Amino acid sequence: QVQLVESGGGLVQAGTSLRLSCTASVSNYAMAWFRQPPGKEREFVAAIALVSGRAVYADSVKGRFTISRDNAKNTLSLQMNTLTPEDTAVYYCAASALITGYSRDDVLYNFWGQGTQVTVSS
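Before going into details, it helps to say that this report is about the structure given with it. This structure is a prediction, so every number in the text was calculated from the model and none was measured.

1. Here we look at the state of the cysteines
All told, the structure shown has 1 disulfide when counted by the stated rule. Between Cys22 and Cys93 runs a disulfide, and the two sulfur atoms are separated by 2.1 Å. Sign of the S-S torsion, about -75° for the bond between Cys22 and Cys93, identifies this disulfide as left-handed. Taken together, the positions of Cys22 in strand β3 (residues 18–24) and Cys93 in strand β9 (residues 89–96) put the pair 71 residues apart, joining distant regions of the chain. Pair check on accessibility: Cys22 and Cys93 agree, each one buried.

In structure tokens, the structure reads:
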């Protein structure tokens, strides 16, 4: 059973930073961050390839967020800078046994964490 546990969410002011972490019970999985804003559909945030370490970002976070992974520790991180109220959402860590690269498509991720709330006040 694959387990993903997110941490690091909280309430912050606009313009500040927050770092999310995800600890996985497995290694060698493609991983990504998604988020679900209040009243909206889940959306892609960032993904990182298993081997190359190449990353891809949603346009809304590009230049502000950085995804990284430590394969030795089975951890995934998301450094979020210059946060805005529009970043308020439940953030989910996801892992895929189906791909080795990266994907924006949530249907390719077959393991999900429980989510961590990020609230950005104006």
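Having seen the structure, we can now continue with the description.
2. Structural notes on the packing of aromatic side chains
Evaluated as defined, the whole model comprises 4 aromatic pairs. Judged by centre distance (5.6 Å) and plane angle (75°), the rings of Phe34 and Phe44 are edge-to-face. Of this pair, Phe34 sits in strand β4 (residues 30–36) while Phe44 sits in strand β5 (residues 43–48), and the two are 10 residues apart along the sequence. Both residues of the pair, Phe34 and Phe44, count as buried.

3. Re the sheet that holds strand β8 (residues 75–80)
Across the sheet, which stays open at both edges, the 4 strands sit in the order β1-β3-β8-β7 with antiparallel pairing between neighbours. Of all the strands in the sheet, the pair left with one neighbour each is β1 (4–7) and β7 (65–70). Taken pair by pair, the neighbouring strands of this sheet meet at an average axis angle of 15°, ignoring direction. Where β7 lies against β8, 6 bridges are found, and the strand directions are antiparallel. Across the sheet, the residue bridging to Ser68 is Ser77, located in β8.

4. Quick word on the nonpolar core
Of all hydrophobic cores here, the largest spans 37 residues; its most connected members are Met31, Trp33, Leu78, Met80 and Tyr91. Elements that contribute at least two residues to this core include exactly β3, β4, β5, β6 (55–57), β7, β8, β9 and β11 (116–121). When neighbours within four sequence positions are excluded, Met31 is seen to be in contact with Leu4, Cys22, Ala24, Ala47, Ile48, Ile67, Arg69, Leu76, Cys93, Ala94, Ala95 and Tyr109.

Scoring rules and cut-offs
Residues numbered from 1 in each chain as written. Predicted model: local features only at pLDDT ≥ 70, side-chain atom pairs only at ≥ 80, totals over all residues. Heavy atoms only, no water. Disulfide = S-S within 2.5 Å. Helix = DSSP H or I, 4+ residues; strand = E, 2+ residues; numbered from the N terminus. Buried < 20%, exposed > 50% of the residue type's maximum accessible area, 1.4 Å probe, protein only. Phe/Tyr/Trp six-rings, centres within 6.5 Å; stacked < 30°, edge-to-face > 60°. Pairing = 2+ DSSP bridges. Axes fitted to C-alpha atoms, helices over the stretch in contact; angles between N-to-C directions. Core = buried A, V, L, I, M, F, W, Y, C linked by side-chain atoms within 4.5 Å. Contact = heavy atoms within 4.5 Å.

Note that every value here comes from positions in space, so none of it alone points to a role or purpose.
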